[in-house]
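Understanding the architecture of this molecule
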Amino acid sequence: MGNILAYSGLVTKVRAMQAKLLTREDFEKIASMHSVPEIVAFLKEKPAYREHLAAMDESMIHRGNIEKMLVQSLYSDYIRLYRFAGMKQKKFLELYLKRYEMNVINYCLRIVFNHYELPFDLNYKKEFFDNYSSLSIDRLVTSKNVHELVENLKGTEYYEALKRLDDAQDANLFDYDLALNLFYFTMMWKKRKNVLKKKELEIFTRDCGSKIDLLNLQWIYRAKQYYHMVPPDIYGLLIPVHYRIPLNLLKELVEAPTVDEFLKSLEKTSYVRKFGPANNRTIERIYKDCLYQLYLADRRSNPYSIAAVNTYLFLKEEELERLTTAMECIRYGLTAKETLDYTGGVTT
């Protein structure tokens, strides 16, 4: 009864927001469209996007501006949930916010490493981060090189993890990406016990642990398929958390002599056994399908818990990714079927 009382208002809010997510039929309509302005006109009629796209005229309709509006719709949803949340739920949302912080740092790393002439375009995120994050957009956008970027993170939990690389002098973008990812997931794994208790902790542990396992599987596959890396180097890429992949199976996956052998070993993991054989699914598709099934199962089993919030934010983020992909497909003249193939996956 305690959880029902604590979550009744927030769950009601989540259900109202989820009703505004796009349906399979909406994506079928989008896939049949012939231009990005047509998609924008369609989204302007949808409650979740109306307020963010209303002021956008035709001269502003290009991928960059549309993606900004989509991100702002995600931040608006986060703010609505945060304002509706109690103290315990706010702590979870503050932990969840770390993924948005990491995305901003990743973006800034690419800017300073690639020396873009007009580097930073973060003004549209400034208000949100000023109110909900310890990251200072004002400081980050002054960074002219990676050293300045790292120094502009001083006072945040990300500083020490990147400072070690900055002191090494010869680190590249890949090294910083890897260090940031390893720090982020290890930090989330450790912090969960300080933020969550009992059933909430159990749910988050299952979700976070499964995501780490699935990411490690992706990285092993990519290291073999695209970079032909040897096992000792692959081990260095992996998040040092083993949730449902036993160490002996992880060793078998990393040390598989070929990609085909890796895929055979992949069938032994609980993720493929539980959610169906890999068949022709890409490793990325397996990752998303497993998380989708996991989050929905959590929400069904524990409707009055953080599972409601976690599942909604996952579905919203997936929706934004699918919309971005659909716009790219239509820009390049793909057929409706091809567009649906690329955007296929989760819907509410």
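These numbers were taken from a predicted model, which means no experiment stands behind them. (Residues numbered from 1 in each chain as written. Predicted model: local features only at pLDDT ≥ 70, side-chain atom pairs only at ≥ 80, totals over all residues. Heavy atoms only, no water.)

**Some thoughts on the pattern of salt bridges**
- Enumeration according to the criterion identifies 27 salt bridges in this entry.
- Ionic pairing is found between K191 and E157, a salt bridge with its closest N-O pair at 2.8 Å. Linking K191 in helix α12 (residues 173–195) with E157 in the loop between α10 (146–151) and α11 (159–168), this pair joins segments that are 34 residues apart in sequence.
- Residue class for E157 comes out partly exposed when judged on its relative accessible area of 25%.
- With a closest N to O distance of 3.5 Å, R206 and E202 form a salt bridge. One end of the pair is R206 and the other is E202, both in helix α13 (residues 198–225) and four residues apart, which spans about a single turn.
- Put simply, E51, D77, R80 and K316 are held in one network by salt bridges that share partners. (Salt bridge = Lys/Arg side-chain N within 4 Å of Asp/Glu carboxyl O. Helix = DSSP H or I, 4+ residues; strand = E, 2+ residues; numbered from the N terminus. Buried < 20%, exposed > 50% of the residue type's maximum accessible area, 1.4 Å probe, protein only.)

**Focus on α12**
- Here α12 spans 32 Å end to end across 23 residues, near enough to the 33 Å set by a 1.5 Å rise per residue.
- Among the residues of α12, the N-terminal cap falls to N172, whose side-chain oxygen and the backbone nitrogen of F174 are separated by 3.1 Å. (Expected span 1.5 Å × (residues − 1). Polar contact = N/O pair within 3.5 Å; in protein donor to acceptor, adjacent residues only side chain to side chain.)

**Remarks on unusual backbone geometry**
- One non-glycine residue with positive phi stands out, namely K198, at about 50 degrees.
- Turning to its location among the elements, K198 is positioned in helix α13.
- We note that H228 has phi near 50 degrees; this positive angle belongs to a residue other than glycine.
- With respect to the helices and strands, H228 occurs in the loop between α13 and α14 (231–235).

**Focus: the side chain of Q218**
- Tracing the backbone shows Q218 in helix α13.
- A residue is classified by how much of its surface remains accessible, and Q218, at 5% relative accessible area, is buried.

**Topic: helix α15 (residues 247–254)**
- Here α15 has its buried residues at L249, L250, L253 and V254. Looking straight down α15, one finds its buried side chains confined to an arc of 135 degrees; they lie on one side. (Arc of directions from axis to C-beta.)

Everything listed is a geometric property; what it means functionally is a separate question.
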